[in-house]
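Residue strings, one per chain:
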Amino acid sequence: MVDRRLIRVDMPEMAPLPSAYAEADRLQALQDLLSDNQFAPSGMGVGPFGLEISLRDGRLVFDIRDADHKPLRAIVLALGPFRRLIKDYRMVVESHEMAVADGMGEARIQAIDMGRRGLHNEGAALLMERLEGRVALDHETARRLFTLICALHQRI
């Protein structure tokens, strides 16, 4: 049976995020990712897979493992192409948090959320492009992984 999905995502260096809202965003992305994803590393068998996401020397590391935690392959990506999107995402999350705290109208909060969804889509497309030929992802999996990348980047 082919099981091309993630059953575990670890972020070993992850400390709590600077706000409860950002932490809730990270936890929701993780929960959604584990409940429904498509993750198919090329040439790595049938799965399922575990994934450790970390930052090392300014680079993003996807450490792909089998179901028993045995390392299979590490994919290292430069963070440069993601930096603008990560910065913009952080600003949108902060704006959303302030809008809710200040009791701004529902229309304002929805507009900010639409901007956030747009950044998710851009981040997902970029991640899929950067992983092309190495890992096949569906759009929703890429969106959720982008959220985790942003969360990991926020801690530094």
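Parameters at a glance
- Residues numbered from 1 in each chain as written.
- Predicted model: local features only at pLDDT ≥ 70, side-chain atom pairs only at ≥ 80, totals over all residues.
- Heavy atoms only, no water.
- Pairing = 2+ DSSP bridges.
- Helix = DSSP H or I, 4+ residues; strand = E, 2+ residues; numbered from the N terminus.
- Axes fitted to C-alpha atoms, helices over the stretch in contact; angles between N-to-C directions.
- Salt bridge = Lys/Arg side-chain N within 4 Å of Asp/Glu carboxyl O.
- Buried < 20%, exposed > 50% of the residue type's maximum accessible area, 1.4 Å probe, protein only.
- Core = buried A, V, L, I, M, F, W, Y, C linked by side-chain atoms within 4.5 Å.
- Contact = heavy atoms within 4.5 Å.

S.K.: How should the sheet that holds strand E3 (residues 49-56) be read in this particular structure?
M.R.: The pairing of strands in a sheet comes from backbone hydrogen bonds and takes either a parallel or an antiparallel form. In space, the four strands of this open sheet follow the order E1-E3-E4-E5, with mixed pairing throughout. Because the sheet does not close on itself, it has two edges, and the strands there are strand E1 (6-10) and strand E5 (71-78). Averaged over all adjacent pairs, the angle separating strand axes in this sheet is 20 degrees, with direction ignored. In terms of strand pairing, strand E4 (residues 59-66) meets E5 through seven bridges, oriented antiparallel.

S.K.: Help me understand the pattern of salt bridges in this model?
M.R.: For side chains bearing opposite charge, pairing can occur when the charged atoms are close. Counting across every chain of the model gives 12 salt bridges. Here arginine 65 ties to glutamate 52 by a salt bridge, and the two come within 3.6 Å at their closest N and O atoms. Of the two residues, arginine 65 is situated in strand E4 and glutamate 52 in strand E3; the sequence distance between them amounts to 13 residues. Residue arginine 65 is classed as buried on the basis of its relative accessible area, which comes to 16%. Ionic pairing is found between arginine 117 and aspartate 113, a salt bridge with its closest N-O pair at 2.8 Å. In this pair, arginine 117 and aspartate 113 are both assigned in helix H3 (residues 106-131), four residues apart and thus about one turn of the helix distant. Salt bridges here are not isolated pairs; linked through shared partners, they connect Asp25, Asp113, Arg116 and Arg117.

S.K.: What am I meant to see in the nonpolar core here?
M.R.: Considering soluble globular proteins, one finds that nonpolar side chains tend to be buried as a cluster. One finds Ile53, Leu60, Phe62, Leu127, Leu145 and Leu148 to be the most contacted residues of the largest nonpolar core, which totals 41 residues. Each residue touching leucine 127, except ones within four places of it in the same chain, is listed here: Phe62, Leu77, Phe82, Leu137, Ala142, Leu145, Phe146 and Ile149.

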